[in-house]
Amino acid sequence: MELDPKSLEPATRYKLLIGSVVPRPIAFVSSLSPQGIVNLAPFSYFNAVGHSPLALMFSISKKPDKTDKDTLRNVRPATEGGLGEYVINLTVESYIQQVAEASEPLPFDESELDYLDLTPAPSQVVRPPRIAESPVAFECRTLQIVPVGEFNIVIGQVVHLFIQDELVDDRDRVNTDKLAAVGRMAGHDYCYTRDCFTIPNGFPPDKKQPSKQRK
Ligand SMILES: Cc1cc2nc3c(=O)[nH]c(=O)nc-3n(C[C@H](O)[C@H](O)[C@H](O)COP(=O)(O)O)c2cc1C
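Residues numbered from 1 in each chain as written. Predicted model: local features only at pLDDT ≥ 70, side-chain atom pairs only at ≥ 80, totals over all residues. Heavy atoms only, no water.

The protein is annotated in an unreviewed UniProt entry as Flavin reductase family protein from Vasconcelosia minhoensis LEGE 07310. What UniProt states about the protein under its Sequence similarities (unreviewed entry) heading is, verbatim, "Belongs to the flavoredoxin family." Quoted verbatim from the Cofactor (unreviewed entry) field of the UniProt record, the comment on the protein reads "FMN". (UniProt positions renumbered as here; feature names shortened; annotations may be inferred.)

(A) Examining the site of the ligand more closely. Taken together, 18 residues surround the ligand, and among them Tyr45, Ser61, Lys69, Thr71 and Ser103 come closest. One nitrogen or oxygen atom from the side chain of Asn39 is found 2.9 Å from an oxygen atom belonging to the ligand. When isolated, the ligand has an accessible area of 650 Å², and the protein chains bury 89% of it. For the shell around the ligand, the elements supplying multiple residues, two or more each, are strand 3 (38–43), strand 5 (54–61) and helix 2 (70–75). No other element matches the four residues that strand 3 contributes to the shell around the ligand. Counted by class, the shell around the ligand contains seven nonpolar, six polar and five charged residues. (Near = heavy atom within 4 Å. Polar contact = N/O pair within 3.5 Å; in protein donor to acceptor, adjacent residues only side chain to side chain. Areas by Shrake-Rupley, 256 points an atom, 1.4 Å probe, with all protein chains shown as cover. Helix = DSSP H or I, 4+ residues; strand = E, 2+ residues; numbered from the N terminus. Nonpolar A, V, L, I, M, F, W, Y, C, P; charged D, E, K, R; others polar.)

(B) Structural detail: unusual backbone geometry. In this structure, the amide linkage connecting Val22 to the following residue, Pro23, adopts the cis form with an omega of -15 degrees. With respect to the element layout, Pro23 can be found in the loop between helix 1 (10–20) and strand 1 (24–25). A cis amide bond, omega 5 degrees, links Ser52 with the succeeding residue Pro53. Tracing the backbone through its elements, the reader meets Pro53 in the loop between strand 4 (46–51) and strand 5. The backbone of Asp172 sits at a positive phi, close to 65 degrees, despite the residue not being glycine. Relative to the elements of secondary structure, Asp172 occurs in the loop between strand 10 (151–163) and helix 4 (176–179). Residue classification places Asp172 among the exposed residues on the basis of a relative accessible area of 66%. With a phi close to 55 degrees, Ala180 is a non-glycine residue in the positive phi region. (Buried < 20%, exposed > 50% of the residue type's maximum accessible area, 1.4 Å probe, protein only.)

Here it is, written out as structure tokens:
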């Protein structure tokens, strides 16, 4: 089928998108309200921006009533009523159940931490805590928030990185088997990331000559 996104219902666009762009890593974002309430929420519109500087992005929709989600309020810069800081905890198999539960919408003055069996641990540079159950945590400062229709892309610079020692070898390579990150598929489905294969970049030596001659 050939589809014009403008002619589709938002729910159809959503289902086609999240069923096709798979798997998506899951940012488990810990943020802090100006009143000091810890907020936790998962975001799978999440990816790396680049490594110079080390930067990450995730994208937040509006609440059904079109107001900002709590995470967006908290990560906005101080000039816009937020703290401008947050932690992206990487989602792994050992605590995926709590991550899914943390998507429960709670009032702004309530913390998901009060409902979940998760352990806040002090961050090194930013005020919101990281989550001790996560083997990798990126402490971020908000660089830019880019509105895209009903979404806001939050771009953050990583100002400190926590990673469990046993995950990294002496050549700085992360053991992704041990990391056991979880990916989000469509609906309520998730996937493991431990079934990998290797392909070298570029042409293999026997393909260095063009096989098709241009006219
Ligand atoms: C695995 C998973 C991934 C999600 N990804 C996103 C996302 O990328 N963007 C978004 O706006 N909401 C996403 N959600 C929904 C939010 O987590 C949910 O709206 C949450 O209540 C927001 O919390 P907050 O208001 O405390 O920020 C996701 C939910 C789950 C379970």
